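These are the residues of each chain, in order.
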Amino acid sequence: MDTIFEFLFKYRLLLFQEGDFTFASPWPVLLVLGGVAVVTLPALLTYRAARGASSRWDRGVMAALRLGLVAILVFILFRPTLILTSVVPQRNFVGILIDDSQSMRITDQDGVARSDFVQATFGSEGSELLTALEEKFTLRFFRFSRDASRLNDMADLSYSGTATNLGNAMVRAQEELAGVPISGLVVFSDGADNSGEVLAESLLPLQAAGIPVYTVGLGEEELTPDVQISRVEMPRTVLAGTSLVVDVIVSHRGYSGRTVQLVVEDTGLLLASEDVTFERDGEPVVVRVRIQAQDAGPRLLRFRVSIQPGERVTENNVRDVLVNVVSDAEKILYFEGEPRWEVKFLRRAVSEDENLQVVLLQRTAEGKFLRLDVDNAEELAAGFPKTREELFRYRALILGSVEASFFTHDQLDMIADFVSRRGGGLLFLGGRNAFAEGGYQGTRLAEVLPVFLDDELSSGVGPYFDELFITPTRAGLTHPATQLGADNSEAVVERWEALPSVTTLNPITRLKPGATSLLTGGTEEDRERQVVLAFHRYGRGKVVVLPIQDSWIWQMHADIPLEDQTHETFWRQLLRWLTDGVPEQVGAQTERELVEPGQPVNILVEVGDSAYAAVNNANVVAVVRDPSGDSMTITLEWDVEQDGQYGGRFLTTSPGLYEVSILASRGGDTIGTAVTYVEAAPSADEYFDASMRGTTLRRIADQTGGLFYTPENVATLAEDISFTGAGVTLTEERDLWDMPILLFLVLGLMAGEWGYRRKRSLI
Amino acid sequence: MRVLPSSVGAAAGAIALIVLLGSPPARTDATTPSDATNTESSAPLPKAQARFLSSTGVSEALGALRAPIEAGVGAESRADAAQILTIGIPHEFYFSRVAYSGFGGFYGRGGSWRTDYPRADEIFLSFIDRLLPNLDAYLSEFVVFLDDPDLRRFPFLYALEVGRMALRPAEIEGLRGYLLQGGFLVIDDFWGTREWANFEYEIQQVLPGYEIEDLPIDHNIFTTFYEIDEVIQVPNIGIRNCTAFSQADLSRCPTWERDGFIPMVKGIHDEKGRLMVIINWNTDLGDAWEWADDPYYPFVYSKYAYEMGVNFIVYAMSH
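Here the structure is a predicted model, which is why all the values come from computation and not from measurement.

Some details on the packing of helix H6 (residues 119–131) of chain B against helix H11 (residues 299–316) of chain B
The relative placement of two packed helices is expressed as an angle between their axes plus a distance between the axes. Residue and element names in this part refer to chain B. At a closest axis distance of 11 Å, the pairing of H6 and H11 adopts a crossing angle of 70 degrees. In terms of orientation, H6 and H11 fall into the roughly perpendicular class. Along the contact surface, H6 presents Ile123, Phe124, Phe127, Ile128 and Leu131, while H11 presents Tyr306, Gly309, Val310 and Ile313. Taken together, the residues of the contact of H6 with H11 sort by class into eight nonpolar, one polar and no charged.

Take a look at the structure:
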């Protein structure tokens, strides 16, 4: 298409787009128009007079054809000209940026590695493109992967970079070429940027300086066939013994209908395996894998899909995730307003779980409280906590059947703050003094709940009572709190539906927007009438409701065998999930849990006081222990923009596990400590999502005024830069009167008139 | 669910007495008290209510229960034992008296399990209602059988006069499952070495290999609600005859029965050290509960008995 255009119009379309059109007529316009009139008027009069056998229509057509011919001649007489701005040869610089990352080694469909094109273009033998560029510009070469640097010899390209940072490369090249006239930057890359940085920010200085970036996309936009573990979504810290449901996103192309096996390993030990069946081509599959967090400490979990025959990239079939398995005892306060069997059986269910400490505060009579599993004689001695400091010591709070009027306004606010500010987990149990039946409607806690309390069933004349057969919702099938130890979703449904019915005194049917229901209950046939387990996020924490009053039936029912662990499993999983992700006074994490050796690690620490208010004047120190056991101490600085947040960084050296221990103090008093881990290991990131990113490369070109190329059309690059680039330029005029299209039009119109006359027998 | 309503108690008692008199076949005979009572008690019940008590028919009963229930507490509290789970909303706590198989009679009032029944239960519950106002307790007597599959829906059992206990295999199985699953059993009112020997034999059939241990006075059960610092011997109502004449000089009135001179509180724990059975030997808490309103029954015993009773309930419902 471009060739035809160039043939007809003498120049390429690009030149017309870039240039300005003008008429460079040597004669005054009036003179020319007068001349035209002198020629045209007699012609029209002649046509009008010579009637012959012609009709009015014939005369009109022929006059139009003739006038068209005259118009073209007039156009030519005006001397149409294209004014172009082009760079002055050899006065300008062009930065050539070559991607030196591992993904350039990938062999695409034509059997040629992406790097081969670079070698063929810029290698020792030279190429037409290189020659054309060198004729017009002074070239400066750069290599880039994670960082960018000058490249003096093509042999220095190793294609071993483990990350690609396009933005950084362009900024670096611009900086290096500062002070010289730059026509543009040319980027040879697959565009697979995995730096995680916002590209638009890197483009701003280029846009400001008016430097166009020309991108040459290497590789295919779709790698087929290929299987890839795109993402693994799991918490970075989990409690030992917790059952996790991990979302693994497996992408594929070209393997529709195929079933592959996904396995999870912990240092060679098989933790789980799951079959994955690919459906529509290119559609990623979310696989829910159930694993048990076992031994405490940092664990490197490996998620792997077996290599399929013919796969283009095999390195992206494996993904490692570092998870910190902790074995702290999560302290939970269970406040119950009356003697109830739930208390006994809940305590029994979790009594053997070393990671859960359920502290019981039970109102046995008015003003009389039973305290169990407290740490010391003072704990809860005055009943339910009256200060935030006292309440916020717990990581989760369970409220049983206790009426709202028991609490003061401040205590109700405290409970709400416990969730929203402290980030604790709050679980409401059903009972005769819970929910609307306990007078919570209109209180601060009604706002906190994930369900509405104004159910029409609660407004009956007497107390409500219902028997519930339970079933998991769609979300409940794969939620960690509702697995009951099952291996798959079918087994989850089976286990729940086999359980004996329970009862409720709290009719709750409506969820608030954004809340998720995990279990529902109703009659044996319609098990979805009422909410049985639901939750939502509220501020920093989560609120869970379980409006049934006798889950202990799952332990004591005649149909439940002695060895059955359903009741225990349910409560352990529920309470572990309730405390999962609850922040500590001092919370530490690193920006990434896996880095390349030699890369810096950013430490982020959040510090709060005992009431979880952000602390900005703390002294925060990180002690980093490297794989060889050596320690270094880093003082973290307060991030002025964010209250209570501190940051710092250290450099990894050798591969292995780095332990980062944080100590936060204020005025000599320790606020808290935290530990997090980072694994330094060679990364295979470059092989993930390694197809050529045409969209990214086109965007870079579009936003900077450059152009996007592929190896097929890159031959015109040098000329294009000379007309579209920046730098020292000159203006040149190009005549357009001799465009072949004008000749063809003249001939066409003449032939048209002649043909018409022949056809109408007017000759 | 087989429960024994007090209104048919006389009939059941008569049947039990017949069975007990013919003691050898009591363990195997189909006409044991529980079976007989089952037939007797369930027949007059409304269909839906009766089924609510069964393990499988709970949902059928709910047609009547789902709508707000207007039956008053007053009507409920005087209801027959069989109706407890069917009139109104089921309660959290039932003071469940165990109707066990046994031998011998007791003053012609039926099986030994019926000792002080139902008056002791009723008076005890009326006091519990005041001592533990937060407890949603069913305020009337209630009887359960050990071989009933629905036994486990009532995690608190009270059994007395166990010196005459002679459990059938089904009862042994039922009680074993009940206790190991999490149920709690209070044993009361049996005296002396002979009755102890019988009880020990029976409970070892139920829980072979589990030891009976003395509960020290610093055990949680003595402090769960009331602080009890001494185990005292609670005499039966017979002491009234002495106190009426001795001007309340208790030291002159004997409190023991047979050779049971020293009161003891013992327990059986499960493998995880959780208390399953509490044994009150050489003491009669039941009589102290029953005769708490009798001016001649010494207050000191009633007080102790009620404190123990409350502690048992609170402990059982929290530990």
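Things to note about the sheet that holds strand E17 (residues 356–365) of chain A
All names here are of chain A. Read from one edge to the other, the open sheet built from 10 strands follows the order E18-E17-E16-E19-E20-E25-E24-E23-E21-E22, with strand pairing classed as mixed. Only two strands of the sheet have a single partner each, and these edge strands are strand E18 (368–372) and strand E22 (502–504). Strand-to-strand twist across the sheet, computed as the mean angle between neighbouring axes with direction ignored, equals 25 degrees.

A word on the sheet that holds strand E2 (residues 80–87) of chain A
Residues and elements named next belong to chain A. A sheet is described by the order of its strands in space; here three strands give the open sequence E1-E2-E35, paired in antiparallel fashion. Two strands lie at the open edges of the sheet, namely strand E1 (20–23) and strand E35 (729–735), each paired on one side alone. In this sheet, neighbouring strand axes are inclined to one another by 30 degrees on average, regardless of whether the strands run parallel or antiparallel. Pairing between E2 and E35: seven bridges, direction antiparallel. Looking at E35, one finds that Ser86 is bridged to Leu730. Seen against the sheet, helix H18 (residues 717–724) touches E2 and E35 and runs at an angle of roughly 100 degrees to E2.

Re the packing of helix H4 (residues 56–77) of chain A against helix H19 (residues 740–759) of chain A
All names here are of chain A. Interaxial distance between H4 and H19 falls to 10 Å at its minimum, and their mutual angle equals 160 degrees. Classified by the angle their axes make, H4 and H19 are roughly antiparallel. Two packed elements cross with a definite hand, and for H4 against H19 that hand is left-handed. Across the interface between the two elements, Trp57, Asp58, Val61, Met62, Leu65, Arg66, Gly68, Leu69, Ile72, Phe75 and Ile76 of H4 pack against Leu742, Leu745, Val746, Leu749, Met750, Gly752, Glu753, Tyr756 and Arg757 of H19. Residue composition of the contact of H4 with H19, grouped by class: 14 nonpolar, two polar and four charged.

Thoughts on the nonpolar core
In terms of nonpolar packing, the biggest core is built from 130 residues, with Leu427, Leu546, Phe570, Trp571, Leu574 and Leu575 of chain A together with Phe156 of chain B touching the most fellow members. Take this core: its biggest share by element is 11 residues, from H11 of chain B. The residues contacting Leu575 of chain A, other than those within four sequence positions of it, are Ile332, Leu346, Val350, Leu356, Val358, Ile398 and Leu427 of chain A. Ranked by size, the runner-up nonpolar core spans 39 residues in total, among them Leu333, Leu399, Val419 and Val545 of chain A.

What to know about a negative patch on the surface
On the surface, Glu524, Glu525, Asp526 and Glu528 of chain A cluster together into a negatively charged patch. Locating Glu524 of chain A in the fold gives a position in the loop between strand E23 (516–522) and strand E24 (530–538).

Things to note about helix H14 (residues 489–498) of chain A
Residues and elements named next belong to chain A. Restricting attention to buried positions, one finds in H14 the residues Ala491, Val492 and Trp496. Within H14, the buried residues cover an arc of 130 degrees as seen down the axis, which keeps them to one side. For H14, the exposed residues set more than 90 degrees away from the buried face come down to Glu490, Glu494 and Ala498. Where H14 starts, the residue carrying a side-chain oxygen 3.1 Å from the main-chain nitrogen of Glu490 turns out to be Asn488.

Description of the side chain of His567 of chain A
Considering the arrangement of structural elements, one finds His567 of chain A in helix H16 (residues 566–579). Among all residues touching His567 of chain A, those that are not within four sequence positions of it are Phe345, Leu346, Ala349, Ser551, Trp552, Trp554 and Gln555 of chain A.

So, the environment of Glu274 of chain A
Residue and element names in this part refer to chain A. With respect to the secondary-structure elements, Glu274 resides in strand E12 (residues 269–277). On a C-alpha basis, the gap between Glu274 and Asp487 in space is 9.8 Å, while along the polypeptide they are 213 residues apart. Discounting chain neighbours no more than four positions away, the residues touching Glu274 are Val260, Gln261, Leu262, Val287, Arg288 and Val289.

What counts as what
- Residues numbered from 1 in each chain as written.
- Chains lettered and ligands numbered in written order.
- Predicted model: local features only at pLDDT ≥ 70, side-chain atom pairs only at ≥ 80, totals over all residues.
- Heavy atoms only, no water.
- Axes fitted to C-alpha atoms, helices over the stretch in contact; angles between N-to-C directions.
- Helix = DSSP H or I, 4+ residues; strand = E, 2+ residues; numbered from the N terminus.
- Parallel < 35°, antiparallel > 145°, perpendicular 65-115°, else oblique.
- Contact = heavy atoms within 4.5 Å.
- Nonpolar A, V, L, I, M, F, W, Y, C, P; charged D, E, K, R; others polar.
- Pairing = 2+ DSSP bridges.
- Left-handed = near helix turned anticlockwise from the far one by under 90°.
- Core = buried A, V, L, I, M, F, W, Y, C linked by side-chain atoms within 4.5 Å.
- Buried < 20%, exposed > 50% of the residue type's maximum accessible area, 1.4 Å probe, protein only.
- Patch = residues over 30% accessible without salt bridge, like charges linked within 9 Å, V, L, I, M, F, W, Y side chains within 5 Å.
- Areas by Shrake-Rupley, 256 points an atom, 1.4 Å probe, with all protein chains shown as cover.
- Salt bridge = Lys/Arg side-chain N within 4 Å of Asp/Glu carboxyl O.
- Lys, Arg positive; Asp, Glu negative; His and termini not counted.
- Charge placed at Lys NZ, Arg CZ, Asp CG, Glu CD.
- Arc of directions from axis to C-beta.
- Polar contact = N/O pair within 3.5 Å; in protein donor to acceptor, adjacent residues only side chain to side chain.

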